[in-house]
Amino acid sequence: MAETLQQLLGIDAPIVLGPFGGLSSVELTATVSDQGGLGSYGLYGYDADRISDTIAALRSATARPFAVNLWLPTGDEVTPGEVDLAPARAALAPLFEAAGIAPPATPVEFLPDIASQLTAVMDAAPAALSLVYGVPDHRLVEAAHSRGIRIIGTATTVAEAVALDESGVDAIVATGAEAAGHRVSFLQPPEASLVGTFALVPQLVDAVDVPVIAAGGIADRRGVAAAFALGASGVQVGSAFLRTRQSAATDAHRQAIAEAADTATVLTRALSGRLARGIPNRAMRTIETAGVIAPFPAQNWLTGAFRAAAARRGDGDLVSLWAGQAAGLAPSDDATEVFAELAAGLPA
């Protein structure tokens, strides 16, 4: 391998902050970067102007390298004109009422155009762009490299990692089934791609030529040491950082992470229409009991309205409590302390 992850990304320690779509904060991203790792910021749902403003804010907050994250289209996304939202609105009515808001009117589009998002990122030229749900085409990889942007792909299976490696990405996140949030599989259904981190990482390391970043089930120095023993070149950590006061999570979400047992999380499509790992609450149970879930991104847009209202009120029963299976190992509510704990597990 020609370069270490540190050399590739210009960082001091191979510790990457998980990019939380909807829960990222400039403060947490900058804190991880300032500690010597790679802070990451999830741009899911951001239009071009907001992307430009966010990257400018990150540059003002830290002089160190950072990454931003986008979701690639998979081709199964529905548009407002392609889906009848009436059944889902009816199923979600109790949750809108509980949040104290009316169901939102149907928008012109559920998500910004990916081309405009990518243009904004290319123009702003962060140190790295991480991608989920697919393989970037060669034109995107070449455009990024011409601007000095490293591309980080994300795989849940060996086949996905091989496809990413062949596309020319600079590093690959091996995200095991233990990880929090969305299962970002793209070659097979996520239910058929639930490979655990311990099984996934060494097989990816053997299959690709770029650095592999282990994700899923890593919350303290023991997880870091295990990842490197499996051949990883770095680790990506989500839940442990999401618990910290520097994240954009609500206090209720942080508390749920801190109290999570090993069996506290489940996989569900309830909140977004796509499979994701989180802690059950009233919102999840109500939707699953109703049995009506709109396709992605319609469901995510609908639930996003009451989730945002609930977050403003600090109501943990009506938000997405994303968390991984090792969430209960999260060592601290301070990001600098979490980083120090993780760094203690790096190879000497």
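This text goes with the structure placed above it.
Values in this document were obtained by computation on a predicted structure and should not be read as measured data.

Caption draft 1: Summary view of the pairing of strand E8 (residues 212–215). Side-chain alternation along E8 places Val-212 and Ala-214 on one buried face and Ile-213 and Ala-215 on a second face that is also buried. Sheet topology note: the strand E6 (residues 171–175)/E8 ladder contains 4 bridges and is parallel. Bridging from a neighbouring strand, Val-173 pairs with Ile-213 of E8. Direction of pairing for E8 relative to strand E9 (residues 234–237): parallel, over a ladder of 3 bridges.

Caption draft 2: The arrangement of the pattern of salt bridges in detail. In total, this model carries 12 salt bridges according to the counting rule given. Where Arg-150 meets Glu-3, a salt bridge forms, and the shortest distance between an N and an O atom there is 3.7 Å. Taken together, the residues span a long stretch of sequence, with Arg-150 in strand E5 (residues 150–155) and Glu-3 in the segment before helix H1 (5–9) at a distance of 147 residues. With a shortest N-O distance of 2.9 Å, Arg-269 and Glu-191 are connected by a salt bridge. Taken together, the residues span a long stretch of sequence, with Arg-269 in the loop between strand E10 (266–268) and strand E11 (276–278) and Glu-191 in the loop between strand E7 (181–182) and helix H8 (197–207) at a distance of 78 residues. Classification of Glu-191 as partly exposed rests on a relative accessible area of 42%.

Caption draft 3: Structural context of the environment of Glu-341. One can find Glu-341 in helix H14 (residues 335–343). Take Glu-341: its relative accessible area is 18%, and that puts it in the buried class. Through-space distance from the C-alpha of Glu-341 to that of Asp-165 is 31 Å; in sequence the pair is 176 residues apart. Apart from the residues lying within four places of it in its own chain, the contact partners of Glu-341 are Asp-220, Arg-221 and Pro-331. At a separation of 2.9 Å, a polar atom in the side chain of Glu-341 contacts the side chain of Arg-221.

Quick notes on the rules
Residues numbered from 1 in each chain as written. Predicted model: local features only at pLDDT ≥ 70, side-chain atom pairs only at ≥ 80, totals over all residues. Heavy atoms only, no water. Buried < 20%, exposed > 50% of the residue type's maximum accessible area, 1.4 Å probe, protein only. Helix = DSSP H or I, 4+ residues; strand = E, 2+ residues; numbered from the N terminus. Pairing = 2+ DSSP bridges. Salt bridge = Lys/Arg side-chain N within 4 Å of Asp/Glu carboxyl O. Contact = heavy atoms within 4.5 Å. Polar contact = N/O pair within 3.5 Å; in protein donor to acceptor, adjacent residues only side chain to side chain.

Worth remembering: the numbers are spatial, not functional.
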